[in-house]
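So you can see what is in the structure, the chains are spelled out below.
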Amino acid sequence: MTTATESIWKEILASSTPTYFEDGKEARKKAFAQLSEIGLPTSKSEEYRFTPITKALEKRFTWTRSTPASSAVSIDQFLPAIGDTHLIVLINGKFSKNLSQLEGLEANVVVSSFEEADSKTKSIIQSLIGTVSKTEDPFAAMNSAYFQEGIFIHVPANIQVAKPILVLHINAAQEKQVITHTRLLVSIEKGSSLSIIEKSDSLGTQPCFHTFTEEMIVAENAVLDYCKIQNDAGAAHQVSNTFIAQADSSRVNTFTLTLNGQIIRNNLTIQINGEQCESHFNGLYLVNGNTLVDNHTVVDHQKPNSFSNEMYKGIMDDQAKGVFNGKIYVRPHAQKTNAFQSNRNILMSESATINTKPQLEIWADDVKCSHGCTTGQLDEEALFYLQARGIPYASAKAMLLYAFALDVLTVVKNENLKAYLDQLISERLHKNF
Amino acid sequence: MSKDNQVLEEFTSKEYEHGWNVNLEADEAPKGLSEDTVRFISAKKNEPAWLLEWRLKAYRQWEKMTEPMWANVHHPQINYQDIIYYSAPKQKKSISGLDEVDPELIKTFEKLGISITEQKRLTGVAVDAVIDSVSVATTFKETLGELGIIFCSFSEAVKEHPELIKKYLGSVVPMNDNYFAALNSAVFSDGSFCYIPKGVRCPMELSTYFRINAANTGQFERTLIIADEGSYVSYLEGCTAPMRDENQLHAAVVELYAMKDAEIKYSTVQNWYPGDKNGKGGIYNFVTKRGLCFGDHSKISWTQVETGSAITWKYPSCVLKGDYSMGEFYSVAVTNNYQQADTGTKMIHIGKNTKSRIVSKGISAGKSQNSYRGQVHIMKRASNARNFSQCDSLLMGDQCGAHTFPYIDVENQTARIEHEATTSKIGEDQIFYCLQRGIDEEAAVALIVNGYAKEVLNQLPMEFAVEAQKLLALTLEGSVG
């Protein structure tokens, strides 16, 4: 253990965390024990082979105790133009009631921070938390031990939540580094539907480290649309652990867009616990500079007759690094599973790299599973064709990249959101690549 | 479905056909591994001091290493002190003809259906027969000698061509490359050596038959093939082993070295004892195979048909160092009962304009686990590298598993990489189509599987293709899933 890691441990050991529930303290202790057992990942850890997050934590952060101040922040610049939404705002990992807008929610739909939840809600939270987040990831354990804020969203049976819920995370690191651990717990009951958009941004140039744990429980016939937009400033380090559990005939669409940040690691686990489920999870990473983006996805088919489709695409420029690790896991009794996965990458510069590991682990025989993976560059003939027709090189390039990237958006159903994402992508491609 | 189950049962209860045991009085080393064992082996083989030093160095490195645990296989811990590291069949001091060979040995070959005389007369294949670690007969040596081709046992090469061995031994697979390679480097018993001089195209398929024979004997073969500028060689390796109750460890090392414009084609048919239907016994096959395309425009091609062994842990790799060099990997791996296979390849692109192609077909039946694990690594300097990989898995029966773990690491923007993998069972509609046309279920499965594996089988040389097809048909007899 290097001295820096030691001081990380010391700080972690010393930090006091709020307890929201009766056995909250016990759960945190357990999580900490797990974290101590696993330890922070090194370059030898298979799951973090290409993602030197521990090194970054040692180098860029000072691990002395400091409570992040929740300064006054204007959030307008970070609000996406996606029409009318419900809004939850977290500044430096703390729920801001003033900035959030939660009026007009359908009856009986609960949106609350863990702290402010009434006792009935608290008991629901307590019964759900940690039930779907089984993992060996050290940062999930770190989050369970130290999360300072949790948001709970509960949609009772047969309610279609009309407006999407936007969860906006802003880390204000103008003066000091920011370290935050937040949780999101979502329960969508039978026959309901909900759309969540989670967006993270940061202010200032000081380093940020943010761990997210998101647990989403989707009951029978329920529908979840989940979109994550990662557009932090250059010094953001993030580790997300997202768990989605699906019951019979539920549908889940997820989309992850990564544009900025220093080291961004997304662990997405979809547990298909029911039959006749459908899940689509797409992702797009358009990164340049020194950004490293690492997407680890697992789709775990535990029951027969379900369908999953995954498509991740990436464009890496400058010294950017892309990592993709996708796993399709089909359990012994999950017959008639159809699972597909595809990962496509374009490298734009000499120093950009991609490490991809698409995996299949199939323990049932009557299945159709496939994965495809490509790495390449723009087709020179296509570029020439466009240039020969008077389109300048830069526009031609952007046009082709845009065409390459766009089809991942098919998974986004909300038209406003789709238009906004489309614009983000196209701006990015015209400006930076 | 009941018929399916019945046929499945028939298939799974099929015993190993090549099982028997010939009593050869072995000249064994005492059980266990220590520096003394290494010295014993070296002394037994009258090796020069530098080779003993090399072995000891490997042994010391091995001592510091730990057994790799990352493979997707499960087996009881191997007790490396409970293995006999050297055993040689009794033989006269030197052999000039087949008549001097132990008649028991000849019988062994006859049972296998590859009697040396037959081979010599009919097929024109030069056989370097290896029984329990010591080469006992080498044929067609003179014909090859006229062309300047050296094809002999490893120990002979150590005596007669020490300069070549000194230069190339460990040049592709360093002694400390991995746990099993280090073990092999320390205790390797014998193997084959082959050198093709500049501009020579080897006129015949070179072949060697490995057989594990004495109980409790680890087999540590070492093969080194060097193809000098502009030469070509096709090398065949085929294996069958007698029935055994205790697990036997096999940790071979194969090194291929291709210089400028040279081409090496290495084909394997592996049918070692896979254990009985309860998963008892069977060979542990932990092999390190690697080829180095050292010169520009060189080419190395691996083809393997894997049907045996309780556990296979094998990744024939190509290091594409020369510009415009090319690596190929074609594999069919069939697992049944409790067999476990973790196999695949590594393509390391270092030179410019290098190309590689991977075609892997896995078939799993019974309670077996079949994994493809491969790496395609494009180094920074390797511009315009091209790779195509295809890994398909076919499942028969609902208790087996098929897994794919490809690693694709690209550090150069001009690389074009494609990887695709599928997993499925034999299509019911495909079988139905055949049934409709009067082809019975068994023949239909054989037809479908042979078609499925054809891309790989086609890569085998004629002499081998027949054997491989027979083997595949035999393994799949009655296996309708």
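Computed from a predicted model, the values in this text were never measured in an experiment.

Trainee: Mind showing me how you'd approach the interface of chain A and chain B here?
Mentor: Accessible area lost when the parts come together is the quantity often used to give the size of an interface. Taken together, the contact pairs 30 residues of chain A with 31 residues of chain B. At the level of secondary structure, the elements contributing two or more residues to the side of chain A that touches chain B comprise β18 (353–362) and β19 (368–376) of chain A. It is β18 of chain A that contributes the most residues to the side of chain A that touches chain B, ten residues altogether. Along the lines of polarity and charge, the residues of the side of chain A that touches chain B split into twelve nonpolar, twelve polar and six charged. Where β18 of chain A lies against strand β23 (residues 401–410) of chain B, six bridges are found, and the strand directions are antiparallel. Along β23 of chain B, the bridge assignment pairs E361 of chain A with H403 of chain B.

Trainee: Hey, could you run me through the domain arrangement of chain A in this one?
Mentor: Residues and elements named next belong to chain A. Here the domain parsing of chain A yields domain 1 (3–274) and domain 2 (378–433). One C-alpha centre belongs to domain 1, the other to domain 2, and the line joining them spans 31 Å. Listed per partner, the contact involves 13 residues of domain 1 and ten residues of domain 2. Every element with two or more residues in the side of domain 1 that touches domain 2 is listed here: β7 (193–203), β9 (223–231) and β11 (251–260).

Trainee: What's the story with the packing of helix α6 (residues 380–388) of chain A against helix α7 (residues 393–406) of chain A in this structure? I'm lost.
Mentor: Two quantities define a packed helix pair, namely the angle between the axes and the distance from one axis to the other. All names here are of chain A. At a minimum axis distance of 9 Å, the contact between α6 and α7 shows a crossing angle of 130 degrees. As the angle between them shows, α6 and α7 are arranged oblique. Along this stretch, α6 crosses α7, giving a crossing that reads as right-handed. Each of A382, L383, L386 and Q387 in α6 lies in contact with α7, whose residues at this interface are Y393, A396, K397, M399 and L400.

Trainee: Explanation requested: helix α2 (residues 35–44) of chain B in the structure shown.
Mentor: Structural remark: α-helix, 3.6 residues per turn; residues separated by three or four positions point the same way. Residues and elements named next belong to chain B. The complete set of buried residues in α2 reads T37, V38, I41 and S42. Buried residues in α2, looked at end-on, bunch into an arc of 135 degrees, giving them a common side. Set apart from the buried face of α2 by more than 90 degrees, the exposed residues are D36 and A43. If you follow the buried residues of α2, they end up packed against α3 (49–64) and α9 (179–187).

Trainee: How should I be thinking about the environment of S234 of chain B in this particular structure?
Mentor: Position of S234 of chain B among the secondary structure elements: in strand β9 (residues 232–240). With near-sequence residues (within four places) excluded, S234 of chain B lies in contact with C202, E205, L206, K265 and P461 of chain B.

Trainee: Teacher, can you tell me more about the packing of helix α2 (residues 24–38) of chain A against helix α5 (residues 138–146) of chain A here?
Mentor: Residue and element names in this part refer to chain A. Here α2 crosses α5 at 150 degrees, and the two axes come no closer than 8 Å. When the interaxial angle is binned, α2 and α5 end up roughly antiparallel. Here α2 and α5 pass one another in a crossing that is left-handed. Side by side, α2 and α5 meet where A27, R28, A31, F32, Q34, L35 and I38 of the first sit next to P138, A141, M142, S144 and A145 of the second. Here the contact of α2 with α5 is composed, by residue class, of nine nonpolar, two polar and one charged.

Trainee: Help me understand the nonpolar core in this model?
Mentor: The nonpolar side chains of soluble globular proteins are, as a tendency, buried together. Counting residues in hydrophobic clusters, the biggest one holds 225 residues, and the most contacted among them are V218 and V330 of chain A together with I225, L256, A258 and I264 of chain B. Excluding anything up to four places from it in sequence, L256 of chain B contacts V172, I225, I264, Y266, G291, L292 and I300 of chain B.

Conventions adopted
Residues numbered from 1 in each chain as written. Chains lettered and ligands numbered in written order. Predicted model: local features only at pLDDT ≥ 70, side-chain atom pairs only at ≥ 80, totals over all residues. Contact = placed C-beta atoms within 7 Å. Helix = DSSP H or I, 4+ residues; strand = E, 2+ residues; numbered from the N terminus. Nonpolar A, V, L, I, M, F, W, Y, C, P; charged D, E, K, R; others polar. Pairing = 2+ DSSP bridges. Domains from an automatic or database assignment. Axes fitted to C-alpha atoms, helices over the stretch in contact; angles between N-to-C directions. Parallel < 35°, antiparallel > 145°, perpendicular 65-115°, else oblique. Left-handed = near helix turned anticlockwise from the far one by under 90°. Buried ≥ 20, exposed ≤ 12 C-beta atoms within 10 Å, placed from the backbone. Arc of directions from axis to C-beta. Core = buried A, V, L, I, M, F, W, Y, C linked by C-beta atoms within 7 Å.

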